Amino acid sequence: MTGLGAGVLEIVTDHDTDTYRAVYAVKLGDDLYVLHAFKKKSKTGKKTPKSETDLVKRRLKQVKEQLRKKA
C-alpha cells in the first residue's frame, strides 16, 4: 500500500470465496494502532476504495495529534 505513510500496513485475508477483509495498522512507539478494518465489497478490481484510504489517513492524523499532545 502506498501513500499512507511509513509504517502503515495493510493486512488482507480471504474469508469464504468472495469476501475480503483489510486491516490498516501503524506502530507508533511501543503501541500498535488499528486505524480501520472493513469488509471489501467491490466485485470489480482489488484496489481499495478512495473513501476507505481517506478514512485511514484521517485516523492516522488524529492518532499522531493525540500523541503529540501527550508528549
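Scroll up for the structure.
None of these values were measured; they are calculated from a predicted model.

Points about the side chain of His-36
Right, so step 1: Checked against the element boundaries, His-36 lands in strand 3 (residues 31-40).
Right, so step 2: Here the side chain of His-36 touches Glu-52 through a polar contact of 2.4 Å, side chain to side chain.
Right, so step 3: Side chain to side chain, His-36 and Arg-59 meet in a polar contact 3.2 Å long.

Quick look at helix 1 (residues 50-70)
Side chains three or four residues apart in an α-helix point the same way, a direct result of the helix having 3.6 residues per turn.
Right, so step 1: Helix length check: helix 1 (21 residues) gives 31 Å between terminal C-alpha atoms against 30 Å at 1.5 Å per residue, within 8%.
Right, so step 2: All buried positions along helix 1 are accounted for by Glu-52, Thr-53, Leu-55, Val-56, Leu-60 and Val-63. Each buried residue of helix 1 lies within a common arc of 155° when the element is viewed along its axis, so the set occupies one face. When the buried face of helix 1 is taken as reference, the exposed residues oriented beyond 90 degrees from it are Lys-50, Ser-51, Lys-61, Arg-68 and Lys-69.

Conventions used here
- Residues numbered from 1 in each chain as written.
- Predicted model: local features only at pLDDT ≥ 70, side-chain atom pairs only at ≥ 80, totals over all residues.
- Heavy atoms only, no water.
- Helix = DSSP H or I, 4+ residues; strand = E, 2+ residues; numbered from the N terminus.
- Polar contact = N/O pair within 3.5 Å; in protein donor to acceptor, adjacent residues only side chain to side chain.
- Expected span 1.5 Å × (residues − 1).
- Buried < 20%, exposed > 50% of the residue type's maximum accessible area, 1.4 Å probe, protein only.
- Arc of directions from axis to C-beta.

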